[in-house]
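# Overview (structure and organization)
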Amino acid sequence: MNGPAMFARYAFAPNQLGYCGPADAGALLEGRTGVRFRALAKQFEGAWPQLRVIAAATGTADPLDREVVEAYWVGNRLLDRAGSSDGTGSGLPHHSFQVFCHYPWASLLHDERRTEHALQVLDQCRIRWGKVISAAGGKVVVESRPLVWDGVRLALGLPSRDTATLGLGNVELIEPLRPGDWVSLHWGWVCDRLSPPQLVALRHYSAYHLDLVNQRLGGRTGMSGPRIP
């Protein structure tokens, strides 16, 4: 799978919902190569600048290089070479930084009128990981750990099961899944099957930025550093 195809898998769900990217969500899945796709990718105002940061910092010519795209959505070794996402020396150019530390939702958690909605958005917008329990009819039952808020800090709760979309009409983002597969999820869609290293990376960089947002919210946890074991 090339970089544009990977980008489309992760970006399609929020684009379809109208949260980001071009007006024509279907166009994102057509071709996934060439100048037209690059023009579409540039319309993702959160993702595209971070892809450019990773590419520039690592000497990669193309922001849609597969390893660059993987670094942003899932995480890999390029992030430790890319450095800070926002100039503060703390956040890394990973999607979890955008969700937890850049977007406004975490700051709304202390407002009891908005807590429930903000928590739901944070949980759906982040790239989650889950284990497939069953898959049939374009739907997948997965077991994952949702975000929880205790009034002080964000954390991962106990494992629970929910249903995600694998395909809709003529749209299918990945190949058929089997029980026991680990997958990534974004806004109710299954994005990809995760390899063991990808699962480790996604958990690691998500935890790093979860810790960072807790420090900013006042619930300090003392994460030691960003590097993957």
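All of these numbers come straight from a predicted model, not from anything done at the bench. (Residues numbered from 1 in each chain as written. Predicted model: local features only at pLDDT ≥ 70, side-chain atom pairs only at ≥ 80, totals over all residues. Heavy atoms only, no water.)

Counting residues in hydrophobic clusters, the biggest one holds 72 residues, and the most contacted among them are Phe7, Trp73 and Val190. For this core, the element with the highest residue contribution is helix α8 (residues 196-217), accounting for nine residues. Look past the residues within four positions of Trp73 in its chain and what remains in contact with it is Phe7, Tyr10, Ala11, Ala47, His94, His95, Ile127, His186 and Leu202. (Core = buried A, V, L, I, M, F, W, Y, C linked by side-chain atoms within 4.5 Å. Buried < 20%, exposed > 50% of the residue type's maximum accessible area, 1.4 Å probe, protein only. Helix = DSSP H or I, 4+ residues; strand = E, 2+ residues; numbered from the N terminus. Contact = heavy atoms within 4.5 Å.)

We now examine the pattern of salt bridges. Opposite charge on two side chains allows them to pair when their charged atoms are near. Tallied over the full model, the rule gives 13 salt bridges. When the shortest N-O distance is used, the salt bridge between Arg114 and Asp111 registers 3.7 Å. On the basis of relative accessible area, Arg114 is assigned to the partly exposed category, the value being 44%. Arg178 is the salt-bridge partner of Asp181, the closest N and O atoms lying 4.0 Å from each other. Residue classification places Arg178 among the exposed positions, given a relative accessible area of 55%. Here the salt bridges do not stand alone but share partners, grouping Arg9, Glu175, Arg178, Asp181, Asp192 and Arg193 into one network. (Salt bridge = Lys/Arg side-chain N within 4 Å of Asp/Glu carboxyl O.)

Let us now look at the packing of aromatic side chains. Tallied over the full model, the rule gives seven aromatic pairs. An aromatic cluster of at least three residues, connected via ring pairs, comprises Phe7, Tyr10, Phe37, Phe44, Tyr72 and Trp73. Looking at Arg126, its charged tip hangs above the ring of Trp129, at a distance of 5.7 Å from the centre. The ring of Trp182 has Arg203 sitting right over it, with the charged end atom 5.0 Å from the ring centre. (Phe/Tyr/Trp six-rings, centres within 6.5 Å; stacked < 30°, edge-to-face > 60°. Lys NZ or Arg CZ within 6 Å of the ring centre and 35° of its normal.)

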